[in-house]
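# Fold and contact review
What follows is the residue order along each chain.
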Amino acid sequence: MGDGPVDPRRRVPRTDTLLADPVLAAAAVTLGREQVKAIVSHAQGRARRGELNPDEVRDAAVAALPAPGPRVVLNATGVVLHTNLGRAPLSSAAVAAVVAAAGHTDVELDLATGRRARRGRGALDALAAAVPDAGAVHVVNNGAAALVLAATALAAGREIVVSRGELVEIGDGFRLPDLLESTGARLREVGTTNRTTLADYAAALGPQTGFVLKVHPSNFRVTGFTSAVGVRQLATLGVPVVADIGSGLLGADPLLPDEPDAASTLRAGAALVTASGDKLLGGPQAGLLLGDVEVIERLRRHPLARALRVDKLTLAALAATVHQPDTPTRAALHTDPGALRERVERLRDRLGADGRKAEVVPAVAVVGGGGAPGVELDSWALSLPERYAVPLRTGDPPVLGRVVRGRLLLDLRCVPADADEAVREAVLRVPGED
Ligand SMILES: *Cc1c(COP(=O)(O)O)cnc(C)c1O
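What you are looking at is a predicted structure, and each value in this text was computed from that prediction instead of being measured.

### Concerning the overall build of the protein
- Helix and strand counts for the protein stand at 18 helices and 17 strands.
- Across its three principal directions, the C-alpha atoms of the protein cover 95 × 55 × 40 Å.
- When burial is assessed residue by residue, the protein has 46% of its 434 residues classed as buried.
- Across the protein, the fraction of contacts at a sequence separation of at least 24, relative to all contacts at a separation of at least 6, is 73%.
- A total accessible area of about 21200 Å² is found for the protein, and carbon and sulfur atoms account for 53% of it.

### Looking at the UniProt feature "modified residue: N6-(pyridoxal phosphate)lysine" (unreviewed entry) in the protein
- The sites that carry the UniProt feature "modified residue: N6-(pyridoxal phosphate)lysine" (unreviewed entry) are, in the present numbering, Lys279.
- Position of lysine 279 relative to the elements: it lies in the loop between strand E11 (272-276) and strand E12 (287-291).

### Considering the domain arrangement of the protein
- Split into domains, the protein comes out as domain 1 (12-63), domain 2 (74-83 + 330-429) and domain 3 (91-324).
- Taking only C-alpha atoms, the centre of domain 2 and the centre of domain 3 are 33 Å apart.
- Counting residues at the interface gives 12 residues for domain 2 and 12 residues for domain 3.
- Taken over both partners, the interface formed by domain 2 and domain 3 buries close to 940 Å², and the fraction arising from carbon and sulfur atoms is 69%.
- The tally of links between domain 2 and domain 3 comes to zero salt bridges.
- There are one residue pair in polar contact (both at pLDDT 80 or more) connecting domain 2 and domain 3.
- Of the residues in the side of domain 2 that touches domain 3, the class split is seven nonpolar, five polar and no charged.

### Things to note about the pairing of strand E17 (residues 407-411)
- In terms of burial, E17 is a largely internal element, four of the five residues being buried.
- In this structure, strand E14 (residues 376-385) lies alongside E17, joined through five bridges in antiparallel fashion. Opposite leucine 384, over in E17, you have leucine 408 as the bridge partner.
- Judged from the three bridges that link them, strand E16 (residues 402-404) and E17 form a sheet pairing that is antiparallel. Directly across from arginine 402, in E17, lies its bridge partner leucine 409.
- Between E16 and the antiparallel strand that follows it, E17, lie two residues; arginine 405 among them carries a positive phi value of about 45°.

### Let's talk about the packing of helix H3 (residues 33-48) against helix H4 (residues 57-64)
- Packing of H3 against H4 leaves a shortest axis separation of 9 Å and a crossing angle of 135°. Taken as axis vectors, H3 and H4 run oblique relative to one another. Here H3 and H4 pass one another in a crossing that is right-handed. Only Val57, Ala60, Ala61 and Ala64 of H4 make contact with H3, whose side of the interface consists of Ile39, Val40, Ala43, Gln44, Arg46 and Ala47.
- Across the contact of H3 with H4, the residue classes break down as eight nonpolar, one polar and one charged.

### Here we look at the pattern of salt bridges
- Scanning the model with the defined rule gives 25 salt bridges in all.
- Across the pair glutamate 297 and arginine 301 runs a salt bridge, and its minimum N-O distance is 3.7 Å. Here glutamate 297 pairs with arginine 301, and both are found in helix H12 (residues 293-301), just four residues apart, close to one helical turn.
- A salt bridge links aspartate 349 to arginine 348; its shortest N-O distance comes to 3.0 Å.
- Using a relative accessible area of 29% as the deciding quantity, one classes arginine 348 as partly exposed.
- Each of Glu108, Arg116, Arg119 and Arg309 takes part in a single network of salt bridges with overlapping partners.

### Here's the deal with the nonpolar core
- Within the largest apolar cluster, 38 residues are counted, with the highest numbers of intra-cluster contacts made by Val131, Val139, Tyr201, Val273, Leu288 and Leu290.
- Residues contacting tyrosine 201, with those up to four places away along its chain left out, are Val161, Ser163, Glu166, Val190, Thr196, Val212, Val229, Leu234 and Leu237.
- Counting residues in hydrophobic clusters, the runner-up holds 30 residues, among them Ala155, Leu176, Leu213 and Val215.

### Examining the site of the ligand
- What surrounds the ligand is a group of 13 residues, the closest being Gly143, Ser218, Asp244, Ser276 and Lys279.
- Residue serine 276 places a side-chain N or O atom 2.7 Å away from an oxygen atom belonging to the ligand.
- A total of 380 Å² of accessible area belongs to the ligand in isolation, and the protein chains cover 93% of it.
- Listed by contribution, the elements that provide at least two residues to the shell around the ligand are helix H7 (143-155) and strand E10 (241-246).
- Taken together, the residues that form the shell around the ligand break down as three nonpolar, seven polar and three charged.

### A short note on the sheet that holds E12
- Across the sheet, seven strands lie side by side as E4-E12-E11-E10-E9-E5-E8; this open sheet has mixed pairing. Taken across any chain shown, the strands that pair with only one partner, and hence form the sheet edges, are strand E4 (136-140) and strand E8 (186-190). Here the strands of the sheet are splayed against their neighbours by 25° on average, with no regard to which way each runs.
- Alignment of E10 against E11, held across four bridges, turns out to be parallel. Counted as the bridge partner of aspartate 244 is threonine 274 from E11.

### What to know about the packing of helix H5 (residues 92-101) against helix H14 (residues 312-323)
- One way to put it is that H5 packs onto H14 with a least axis distance of 8 Å and a crossing angle of 150°. In this structure, the crossing between H5 and H14 has a hand that is right-handed. Facing Ala93, Ala94, Ala97, Val98 and Ala101 of H5, the residues of H14 in contact are Lys312, Leu313, Ala316, Ala317, Ala320 and Thr321.
- Grouping the amino acids of the contact of H5 with H14 by side-chain chemistry returns nine nonpolar, one polar and one charged.

Procedures and definitions
Residues numbered from 1 in each chain as written. Predicted model: local features only at pLDDT ≥ 70, side-chain atom pairs only at ≥ 80, totals over all residues. Heavy atoms only, no water. Helix = DSSP H or I, 4+ residues; strand = E, 2+ residues; numbered from the N terminus. Buried < 20%, exposed > 50% of the residue type's maximum accessible area, 1.4 Å probe, protein only. Contact = heavy atoms within 4.5 Å. Areas by Shrake-Rupley, 256 points an atom, 1.4 Å probe, with all protein chains shown as cover. UniProt positions renumbered as here; feature names shortened; annotations may be inferred. Domains from an automatic or database assignment. Buried area = accessible area lost by both parts, 1.4 Å probe. Salt bridge = Lys/Arg side-chain N within 4 Å of Asp/Glu carboxyl O. Polar contact = N/O pair within 3.5 Å; in protein donor to acceptor, adjacent residues only side chain to side chain. Nonpolar A, V, L, I, M, F, W, Y, C, P; charged D, E, K, R; others polar. Pairing = 2+ DSSP bridges. Axes fitted to C-alpha atoms, helices over the stretch in contact; angles between N-to-C directions. Parallel < 35°, antiparallel > 145°, perpendicular 65-115°, else oblique. Left-handed = near helix turned anticlockwise from the far one by under 90°. Core = buried A, V, L, I, M, F, W, Y, C linked by side-chain atoms within 4.5 Å. Near = heavy atom within 4 Å.

As structure tokens, then:
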């Protein structure tokens, strides 16, 4: 180069300088150092080829970082509805519906008349068709919002009669009693933790009663000396019964005999059923309200309903899920263990061919996410040394397993079959020394 101008290629910032940049360093923590290094070296390459000025390399690398937001992960935990992983993954039909709905849609317009129409009627019609026992349906932001709307519209300033055995915490420190009382309704607790009778409810009723609430214990079980009163008996008390079934099953599922479903609960006499959209239904986060026409109309007309209104993307995903209920959640629940075992064995054999020693072990998967706490699903897992856990979790894509007694178990029950190859590649990217 002599005394001439410095070759711009020599001014390309060094990798360690770039990785020390606060933004890129933070990205390396969340995305993994390897991915950020690849982005940095791509930008350096462009500068060396003269496509960028050396002083633009840092900004180009920052611009090339993936948008912040939730990352796609492979759920090999064996927990079908993992709340920390966003509960139910959407079906491909629901994903397509979300993409289509992302633009302008007729979410609140009747194209035939050109007039305003009931918002989200596609999803509402699908729900009503799936549960003919419901006189009417409404959808809000989530299961908790459904309860808040019901308590506010039907019992604010009055009493909700509920068994002490059903005052549950739904997770992350949120407790149903607190949620219900935040609406201005008072809780009238009856019975005891393990036993509540119809007479307990009957003795608590009076002019102050807004409704009787029945909450499905979806994330725990009480066994032993217990008794609870079913919706059918509660419906004989002469006051409205609101049933929070939690899971969102619209009809009975023989695999989950202890999970209540909306249709049976309404037939048993509930005036209103509330449920989540992203649990066993396998749809988007939503709160489903199904029940008597007058009750749903009161909820729909309450000012609070506007604040709990769901997004058009949710409505699109919900309509598709209800219309075509072959969801990944259902597939994960109903997968045959023999087929899972074959997938895990194939994975083990292919990893073995690349010098990675893994074992095939039986595993137990669970429903999770506040559903079917007693149900254990026979499953199969790939067992690796525990040292794989962190690199797989922080890799791209992140693969989440379960560490059990010094081994990392990758249960394939909730991993889509076409993602086995991605799991294999992720394992091979972990530096091998076993
Ligand atoms: C999950 C659950 C809720 C809360 O529903 P979200 O959709 O998480 O708001 C309330 N009640 C029961 C019985 C549940 O299982």
